[in-house]
Amino acid sequence: MKAVTWQGKRDVRVEDVPDPKIQEPTDAVIRVTSTGLCGSDLHLYEVLTPFMTPGDILGHEPIGIVEEVGPEVTNLQVGDRVVVPFQISCGRCFMCAAGLQTQCETTQVTSEGMGAALFGYTRLYGAVPGAQAQYLRVPQAHYGPIKIPHGPADDRFVYLSDVLPTAWQAVAYADVPRGGTVAVLGLGPIGDMACRVALARGAERVFGVDLVPERLARARRDGVQTYDLRGFDHEKDLVAAIRDETEGRGPDAVIDAVGTEAHGSAAARMVQQAAAVMPRTLSGPLAERFSVDRLAAFHMAIELVRRGGTISLSGVYGGSADPLPMLTMFDKQLQIRMGQANVRRWTDEIIPYLTDADPLGVDDFATHRVPLSDAPHAYEMFQRKQDGAIKVLMTP
């Protein structure tokens, strides 16, 4: 089969790889009909290269048709249409029962000290072959895949794999009061969808911050009060502008949908880039023990949110030696929630929104649809924010 493989920093290729097979009785194999290119894939493309191995298959946002099931998968049949969550969870352990599927005790990557295994996301998360491919082996298929009806286009449901539950959890964790205010930093796919979810869940005002004109314009059309980071000489001026809209306090909550890719610390960027080009025997330990995130977005969130407010982190951070303004965080009495989205925790709440009325705008959420063979160009375009690329779907 054809699959998108990682070969090095900013080097992905579509190659012939062996077809996946049933390996465990709880496995299934699906034929992928659409698969997403996620902002967190760009971390592998650019930042988290010390944890990658040439030939790793990328991707974690698939929808497709069941081709084969293992003997213990009784909830699926060949021909079923399914969305596969980006994390692999069993549905039976203590953590899954608690709605913390990203901490699944069956698939935890204990050798790396990490949570549940993820599709296509470094050795830290199990080095499981990913979903930017023609076929995908799905472990724990008795629980993970979400059955959806035949009929509507893939766009209607594919975002259940990641974008929708990640944005939903970001808003839920932000704990925005009905009639309250929330600022969303970063209007990429997750930030954009988080704005839509916040409005759908009753936020009175949503402030969106970005520096890409197409992202700002799209959010503005959806009723978001947008702020172009490039229009302010200093971060404090932006913070003051939003505070002026909230009686001088700041918003009730701030969602950081940017993560470690934020513009900011030149020193942190230098460390990231140095690790990416070092030999793997050195770069992995360096990144694990001494990596520092670029924290511009998180620092802005701390400054912006009102006292007693909540910060919700959905952007990926990977540092282990990050300096934080603990005095400010303590003095402002902030609440901070974070983590990979627990997909199956939220899907039952989200699915009622995936109707023909399309209140979350999923049917036209993708800005680009390309064949899998164009993946190298799609990665480059998305990473460079070219051609108005906000969300890319690929068709194997």
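- An unreviewed UniProt entry annotates the protein as Glutathione-dependent formaldehyde dehydrogenase of Streptomyces mexicanus.
- Taken directly from UniProt, the Sequence similarities (unreviewed entry) text for the protein runs: "Belongs to the zinc-containing alcohol dehydrogenase family."

### Details of the packing of helix 3 (residues 163-174) against helix 4 (residues 189-200)
- The contact between helix 3 and helix 4 brings their axes to 8 Å, and the two run at 60°. With respect to helix 4, the axis of helix 3 lies oblique. As for the relative orientation of helix 3 and helix 4, their crossing is right-handed in sense. Contacts between helix 3 and helix 4 involve Val 163, Leu 164, Thr 166, Ala 167, Trp 168 and Val 171 on the former and, on the latter, Pro 189, Ile 190, Met 193, Ala 194, Val 197 and Ala 198.
- Partitioning the contact of helix 3 with helix 4 into residue classes produces 11 nonpolar, one polar and no charged.

### Quick look at the pairing of strand 4 (residues 62-69)
- As judged from the seven bridges shared by strand 3 (residues 28-37) and strand 4, these two strands associate in the antiparallel manner. The residue of strand 4 that forms the bridge with Arg 31 is Ile 65.
- One ladder, built from three bridges, connects strand 4 with strand 5 (residues 81-83); its direction is antiparallel. Bridging across to strand 5, Gly 64 finds its partner in Val 82.

### A word on the environment of Val 224
- Relative to the helices and strands, Val 224 resides in the loop between helix 5 (213-221) and strand 10 (225-228).
- Since its relative accessible area comes to 5%, Val 224 is described here as buried.
- Spatially, the C-alpha atom of Val 224 lies 5.8 Å from that of Phe 207, the residues being 17 residues apart in sequence.
- Aside from chain neighbours lying at most four places away, what touches Val 224 is Cys 195, Leu 199, Val 206, Phe 207, Gly 208 and Ala 219.

Each value, and the rule that gives it
Residues numbered from 1 in each chain as written. Predicted model: local features only at pLDDT ≥ 70, side-chain atom pairs only at ≥ 80, totals over all residues. Heavy atoms only, no water. UniProt positions renumbered as here; feature names shortened; annotations may be inferred. Axes fitted to C-alpha atoms, helices over the stretch in contact; angles between N-to-C directions. Helix = DSSP H or I, 4+ residues; strand = E, 2+ residues; numbered from the N terminus. Parallel < 35°, antiparallel > 145°, perpendicular 65-115°, else oblique. Left-handed = near helix turned anticlockwise from the far one by under 90°. Contact = heavy atoms within 4.5 Å. Nonpolar A, V, L, I, M, F, W, Y, C, P; charged D, E, K, R; others polar. Pairing = 2+ DSSP bridges. Buried < 20%, exposed > 50% of the residue type's maximum accessible area, 1.4 Å probe, protein only.

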